[in-house]
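Chain residues, written in single-letter form:
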Amino acid sequence: MIDLTITDALEKLKSRKISATELTRAHLERIEKYGADLNCYITTTPERALSDAAAADARYAAGNPLPLDGIPIAMKDLFATRNIRTTAASHMLENFVPQYESTVSQKFIDAGTVLLGKTNLDEFAMGTFSKTSYFGAPINPWQMERKLTAGGSSGGTTSAVASGLAMGGTGTDTGGSIRFPASITGLVGMKPTYGLCSRWGCVAFASSLDTPGPIARTVDDAALLLSAMAGHDDKDSTSADAEFHAHTPLSPILGDGKKLRIGIIKEFADVEISPDMKRIFDARIADLKSLGADVVEVSIPNVLDALAAYYIIAPAEASSNLARYDGMRYGLRVDGADLIDTYKKTRAAGFGTEVQRRMIIGTAVLSSESYEVYFMQAARVRRLIADAFDRAFARCDLIVCPAGAGTALPLNSDLSPLEYYALDLFTVAMNLAGIPACSVPAGLAENGLPLGVQVVGRRFDDMHVMQLAKHIEQFAAVDNRPTKIMGK
Ligand code: GLN
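Residues numbered from 1 in each chain as written. Predicted model: local features only at pLDDT ≥ 70, side-chain atom pairs only at ≥ 80, totals over all residues. Heavy atoms only, no water.

K.L.:
Is there a simple way to think about the pairing of strand β4 (residues 168-172) in this case?
P.N.:
Strand residues, when the strand is regular, have side chains that alternate between the two faces of the sheet. Here β4 lies mainly inside the structure; 5 of its 5 residues are buried. By the alternation rule, side chains of β4 split into G168, T170 and T172 and G169 and G171, which are all buried. In this structure, strand β2 (residues 72-76) lies alongside β4, joined through 2 bridges in parallel fashion. Bridge pairing links A74 to G169 in β4. Of the strand pairs in this sheet, β4 and strand β6 (residues 212-216) are connected by 5 bridges, and their pairing is antiparallel. Each residue of the ladder has a partner; that of G168, found in β6, is A216. (Buried < 20%, exposed > 50% of the residue type's maximum accessible area, 1.4 Å probe, protein only. Helix = DSSP H or I, 4+ residues; strand = E, 2+ residues; numbered from the N terminus. Pairing = 2+ DSSP bridges.)

Dropping the structure here:
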């Protein structure tokens, strides 16, 4: 049952060949067996899962199931869940139990899903290997004995989904946190258009960039999850007036003489990527051409400056968002001699090194001396990048580019903060522009590990992005069945 896709499982649930309770138990058993080693869940919710499953079975019996009824999912521990601890992988929120439900997790309840637990991540989603988590890093189930990273910041969800400890799950992508972890775990990670999924009740990192989205084993599964997550929300001031409804299997966007112009970003050609990525990327482009796609070169002149702009804008917004953790209202509190001392002691004890680094950078770039030279300059670069994507999409319908430079690295790799930041080179520009981008398994490297490429589209062209991703998925035919990856 572990190897079923969501699409297959829904079919079997509808025809009553399996029950939601059986499906849930199979996942709970697996969590019991591998959860601790993989360290992918911060909190598991087995009782809640079984009661969700029983409710789903009752709806199937009554003949009126919900769209994702009985599908066991994992929720990134950044989404507030009522009466279930929500930590953001921080000591600051280690014991925080929200009294409210985030819009995204509520939508999953409304769709009938079964909540297995809350997954590990980088502290406040700041990182690339999920190593900044207060709870330790999750592990990639591919070549598990090597202790490779499952990516970050949504590395708990990718670890869980790739290993069959959930059928799918949620991530958030501020600068690549859905796409990068998906690319190195053989999964599909979709960063929707900014504003398509509500941020309400999702612990804030950088509000103008934060984008909730799905992580799953197939493009169709990701499309089903996104259908449940998306939609306007009055509680989020930047929520778009848009919806997403997928009917699976997604229909082909290529073949039968269909015309499609695929753009390749010229400036990315100068970036060093692994020979495997180069080979796989070229092979998939050749495949798309064989189906009749026209490939054109497009230019995003400032795309390599996206990293610098992102690492000014994201920390600036984070420093403001994280000011709320002062020990007064909720979260950790370490009493000091007076109010200011309490603030200092609480924040020094509650935040890890990377989060502190971001707040210091953010506060510095927003200071009156630096605002014009750093923050405003970064905002201008952001505008140039967004405009360049608009111009590029006048010449092509969709863009295809690598999701990262290579395969998963060992968790104990000794990288400097700047080396970690550089790993986001292929992903941050899409966040700055607010456009949809989907990482899809594109092939296996010589070392047997998966590599992903991204499909990028115009704002609100999420459906076409996923349709093209599906073609790539079919050509690549990466076998990412959990029982195969883990050999059990
Ligand atoms: N790796 C990036 C960072 O550290 C992206 C994180 C994210 O998308 N949440 O900021």
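K.L.:
What is the right way to read the pattern of salt bridges from this model?
P.N.:
It is possible for side chains of opposite charge to pair when their charged atoms get near one another. Counted according to the given criterion, the structure contains 19 salt bridges. A salt bridge links R199 to D236; its shortest N-O distance comes to 3.2 Å. You can see R199 sitting in the loop between β5 (188-191) and β6 and its partner D236 sitting in the loop between α7 (219-229) and β7 (261-265), a full 37 residues away along the chain. Accessibility expressed as a relative area gives 6% for D236, which makes it buried. (Salt bridge = Lys/Arg side-chain N within 4 Å of Asp/Glu carboxyl O.)

K.L.:
What exactly am I supposed to notice about the site of the ligand here?
P.N.:
If you check the shell around the ligand, you find 15 residues, and the closest are T174, G175, S177, Y310 and R358. One of the backbone N or O atoms of G127 is found 3.0 Å from a nitrogen atom in the ligand. One of the side-chain N or O atoms of Y310 is found 2.6 Å from an oxygen atom in the ligand. Burial of the ligand by the surrounding chains reaches 100%, relative to a free accessible area of 290 Å². Of the residues in the shell around the ligand, the class split is 5 nonpolar, 7 polar and 3 charged. (Near = heavy atom within 4 Å. Polar contact = N/O pair within 3.5 Å; in protein donor to acceptor, adjacent residues only side chain to side chain. Areas by Shrake-Rupley, 256 points an atom, 1.4 Å probe, with all protein chains shown as cover. Nonpolar A, V, L, I, M, F, W, Y, C, P; charged D, E, K, R; others polar.)

K.L.:
Would you mind showing me how to read the sheet that holds β7 here?
P.N.:
What holds strands together in a sheet is hydrogen bonding between their backbones, with the strands either parallel or antiparallel. Spatially, β1-β3-β2-β4-β6-β5-β10-β11-β9-β7-β8 is the arrangement adopted by the 11 strands of the open sheet, whose pairing is mixed. What marks the edges here is a single partner per strand, and that holds for β1 (41-44) and β8 (294-298). Averaged over all adjacent pairs, the angle separating strand axes in this sheet is 30°, with direction ignored. Of the pairings in the sheet, the one linking β7 to β8 comprises 5 bridges and is parallel in character. Residue I265 lies in a different strand from β8, and its bridge partner there is V298. (Axes fitted to C-alpha atoms, helices over the stretch in contact; angles between N-to-C directions.)

K.L.:
Is there a simple way to explain the packing of α7 against helix α15 (residues 462-476) in this structure?
P.N.:
The relative placement of two packed helices comes down to the angle between their axes together with the axis-to-axis distance. Here α7 crosses α15 at 155°, and the two axes come no closer than 9 Å. In this view, α7 runs roughly antiparallel relative to α15, as classed from their interaxial angle. Between α7 and α15, the residues in contact are V219, D220, A222, A223 and L226 and M466, A469, K470 and E473, respectively. Looking at the contact of α7 with α15 residue by residue, the classes come out as 6 nonpolar, no polar and 3 charged. (Parallel < 35°, antiparallel > 145°, perpendicular 65-115°, else oblique. Contact = heavy atoms within 4.5 Å.)

K.L.:
What is the right way to read the environment of H232 from this model?
P.N.:
Relative to the helices and strands, H232 resides in the loop between α7 and β7. Separated by 122 residues in sequence, H232 and E354 place their C-alpha atoms 33 Å apart. Excluding anything up to four places from it in sequence, H232 contacts S239, A240, D241 and A242. At 3.0 Å, the side chain of H232 and the side chain of D234 are in polar contact.

K.L.:
In this structure, what is going on with the packing of helix α9 (residues 306-321) against helix α12 (residues 371-395)? I would like to understand it.
P.N.:
Closest axis-to-axis distance for the α9/α12 pair is 9 Å, and the angle between their directions is 125°. Relative to α12, α9 is oriented oblique. Our pair here, α9 against α12, has a crossing hand that is left-handed. Seen from α9, the contacting residues are A306, A309, I312, I313, A316 and E317; seen from α12, they are Y374, F375, A378, A379, V381, R382 and I385. Classifying every residue of the contact of α9 with α12 gives 11 nonpolar, no polar and 2 charged. (Left-handed = near helix turned anticlockwise from the far one by under 90°.)

K.L.:
So what exactly am I meant to see when it comes to helix α8 (residues 275-290) here?
P.N.:
Owing to its 3.6 residues per turn, the α-helix aligns residues three or four sequence positions apart on the same side. Helix length check: α8, at 16 residues, gives a terminal C-alpha distance of 23 Å against a target of 22 Å (1.5 Å per residue), a fit within 8%. Every buried residue of α8 is accounted for by D276, M277, I280, F281, R284, I285, D287 and L288. Down the axis, α8 shows its buried residues gathered within 155° of arc, on one side only. Away from its buried face by more than 90 degrees, α8 exposes P275 and S290. For α8, the elements touching its buried residues are β7, β8, β9 (398-402), β10 (437-444), β11 (450-456) and α15. (Expected span 1.5 Å × (residues − 1). Arc of directions from axis to C-beta.)

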